[in-house]
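Fold and geometry: a report
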Amino acid sequence: MPTDQYFEAFLHMAAATDTEIPAPFCWDEWRESVADTTPPWALSATSANTGLPQDKVEKIKAFAQGYYALSSAKDRAAYCQRRGAHNNTAGRDAMIAYLAEQWPNWGINEVLDGILKANDIDVFTMAEHGMAKLYPLDLSPVVALYREIAVRFFGDDAYQNSLMIKEPATRFVRTLCAGYWKRMRNKLARERAGLKRAQENMERERSAFEKLPVPTAAAGLRYLRALELWLNRLGKWKTDHLGDEHAEAQETLEGVRDQLQGVPTTASKKLPAALSAALATLATKAECAQVLGVVMDLIKAHEHDEEQPVWRIACDIGKWTEGVEEYSKLSYAELARALGLPNSDLPFFNLLQDPIGELDAWSEEGQAVLRSDAAVPLKPMWHQMVGITKIIDNLFDKKNLLIMDEVGVGKTMQAVGAIAMYEYQRLHFAQYGKHTDRFVGHTWGKSQLTADTHVLVAPPGLMHQWMMELHRYLKRGSFSVLPYAGNCTVEARQAFWKLYSEVSKPVIILASSSAVKADVVMYFQKPTKGVRPKPSKACAKGLVDNTLFSVNRNYGIFVLDEAHYARNLNKQRAGCVELTVRSRMSIALTATPVMTGPMDLVNIAKWLELPGIVDSEMARFKRELDRARRKEREKRQKGKGDVRLARVVALGQ
């Protein structure tokens, strides 16, 4: 399907409306949610109201006037596609450059991606059988969403009447979706290649494990991690043949679990002879327990779907701020100086990264890439440095933090950067007897940071991703990252804490949420609402000193990923409360703090002990949401009535 270029779609909108202040820049919804500015192709455009040099404004306006002077769609399309002096190529290129610069600021792709994702449209659902290509855009469900997308960007101005969307608005939306489809084709190629690499890596690690004269837990875990990566990639696809492969991989996991537990294996779960023999010769019970813990977490992660938000309603939630306004005028270098850094590089952070991101940066292959010319720079962006500075300020002010950035903004980078900065300040105090200048006057500025262990809790399905991200950001050897997984058994936990006691570097305990819940169940009495649970007298003797919550366990920073799963009074929330008590600071990460209602946010804020979020404010918020819901229902009902009336009039009934 031939598609307009973005600049042509904007010019078509302008030509069909008012070229003095062209659509959509004169429409209220666009001005409020996308861009409140004067575009340089408007007749009223000047250097003052566009921010461009006047000569560029004049070139773009001249190019636009040439477009407006043509009457037929064919002539206009040819004018935009041909290059040459008579087509004002300089104006065309200047307009393209302007849109390329402004596009990320307007957030159009993010809004479009969100609408399509909410309707289950992505590369994994739109790939044809065999994954060679996508379904044609015109035959996809995206077409049915054109109206919704147009209304999201243009509001009521998108409508020609109660039934029809204006032709320029529809054409603009079609152009956006064609661009999305192009991006999806590129992603399809990357995902196919990633799936192939993951399968090859899994098969290579399994073969290496099977061929060892004396199989070890380390080799078994490498195979399981590779199998997990392959499972994660398989699980994304909605095609039948990959669904069968996912089921077979799941059966392999269950077969490994059964063999390690000594359970007779069914015919459907029978393992390859070489793999079965390797598992049977693992050296010790502790190694078996370590491998079994990882297997149990992987099975849990792939048996249960994650919850999804059940509603999203836009309404006024009061005078909320981003919480980082005080840093808005600081440059990158000034933020680094505020953190007490001698230069703009974060301590313990890699300066380079693998451009593809498939290799473990701490593996020999990953290290070789970092030493090669293929490596690309790794550095936090300005807004991520702002986030890290805010976290460390809160650390010394004895305040926990809830980070609610959207997916892709960099919550992971900020959390890892905060742990690195904690260690930098801890070591600075040990060497100089004080923290860096900014923090000396803070509440905890004169108090030494003693704990050198940090806890990061993530859902089982994200454990491998977090391990890869920690290795990507942190230099190999700067920290010991220890996975904490599986059921809370004496053998498994004693093996972990024995390994922990032998480590001399700062430690990041990467714990699965299911392992945290298992520790809560085994270590504490059944909790009473409103009362902190007490250690259980029935706790096995071998576990009393071998859980995350045992006496004298103290941590530096506690990070909880996907914090919305701890919004209810459940075992994970109880574990979070206890880890918060034992940590110098707690950080909760979530892109969806409100899943079912505003009290979700209140409940997260309570265990985080956040100031400023109180029940009365959330009660008011809930009332506003209820009113917004009622208005939306009334609007939908009225819209249905208008449609029925239009049909009656059209049919002459």
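Everything numeric here is computed off the predicted structure, so don't read it as measured data.

Rules behind the numbers
Residues numbered from 1 in each chain as written. Predicted model: local features only at pLDDT ≥ 70, side-chain atom pairs only at ≥ 80, totals over all residues. Heavy atoms only, no water. Buried < 20%, exposed > 50% of the residue type's maximum accessible area, 1.4 Å probe, protein only. Helix = DSSP H or I, 4+ residues; strand = E, 2+ residues; numbered from the N terminus. Arc of directions from axis to C-beta. Salt bridge = Lys/Arg side-chain N within 4 Å of Asp/Glu carboxyl O. Axes fitted to C-alpha atoms, helices over the stretch in contact; angles between N-to-C directions. Contact = heavy atoms within 4.5 Å. Nonpolar A, V, L, I, M, F, W, Y, C, P; charged D, E, K, R; others polar. Pairing = 2+ DSSP bridges. Core = buried A, V, L, I, M, F, W, Y, C linked by side-chain atoms within 4.5 Å. 1 Å grid on protein atoms, 1.4 Å probe; cavity = no way out; pocket = protein on both sides within 12 Å on 5 of 7 lines; lining within 4 Å. Points joined across faces, edges and corners; volume = space filled by probe spheres on them.

**Re helix α9 (residues 146–154)**
Count 3.6 residues to each turn of an α-helix, and residues three or four apart come out pointing the same way. For α9, every residue scored as buried is listed here: Tyr146, Ile149, Ala150, Phe153 and Phe154. End-on, the buried residues of α9 take up no more than an arc of 105 degrees, which puts them together on one face. Directly beyond the C-terminal end of α9, a positive phi value near 65 degrees is found at Gly155.

**Concerning the pattern of salt bridges**
Going through the model one piece at a time under the given rule, you end up with 12 salt bridges. Where Arg171 meets Glu8, a salt bridge forms, and the shortest distance between an N and an O atom there is 3.4 Å. With a gap of 163 residues between them, Arg171 in helix α10 (residues 167–211) and Glu8 in helix α1 (residues 6–15) connect regions that are remote in the sequence. Assigned by exposure class, Arg171 and Glu8 land together as buried. Between Arg476 and Glu364 there is a salt bridge, with its nearest N and O atoms 3.1 Å apart. Linking Arg476 in the loop between α20 (463–473) and β5 (480–484) with Glu364 in helix α16 (residues 364–371), this pair joins segments that are 112 residues apart in sequence. By relative accessible area, Arg476 is classed as partly exposed at 39%.

**Describing the packing of helix α23 (residues 571–582) against helix α24 (residues 599–608)**
Two numbers describe how α23 lies on α24: the axes approach to 9 Å, and their chain directions differ by 35 degrees. For the pair α23 and α24, contact is made by Arg573, Cys576, Val577 and Thr580 and by Asn603, Ile604, Lys606 and Trp607, respectively. Across the contact of α23 with α24, the residue classes tally to 4 nonpolar, 2 polar and 2 charged.

**Some thoughts on the pairing of strand β4 (residues 453–458)**
Counting buried residues in β4 gives 6 out of 6 residues, a clear majority hidden from the surface. Here β4 shows no split at all, with Thr453, Val455 and Val457 on one side and His454, Leu456 and Ala458 on the other all buried. Summarising the sheet, β4 and strand β6 (residues 507–512) pair through 6 bridges and their orientation is parallel. Residue pairing for β6: Ala458 is matched across the bridge by Ser512.

**Observations concerning the nonpolar core**
If you look at the biggest cluster of nonpolar residues, it comprises 74 residues, and the most contacted ones within it are Phe10, Trp30, Trp41, Trp106 and Phe154. Excluding anything up to four places from it in sequence, Phe154 contacts Met13, Pro24, Trp27, Glu29, Trp30, Ala169, Phe172 and Val173. Counting residues in hydrophobic clusters, the runner-up holds 50 residues, among them Leu378, Phe439, Ala458 and Met463.

**Topic: empty space enclosed by the protein**
Inspection of the entire model under this criterion finds 3 cavities of 30 Å³ or more. The calculated volume of the largest cavity comes to roughly 50 Å³. Taken together, Tyr332, Ser344, Asp345, Leu346, Phe349, Asn350, Leu351, Leu378, Lys379 and Pro380 form the lining of the largest cavity. The residue makeup of the lining of the largest cavity, split by class, is 6 nonpolar, 2 polar and 2 charged.

Note that every value here comes from positions in space, so none of it alone points to a role or purpose.
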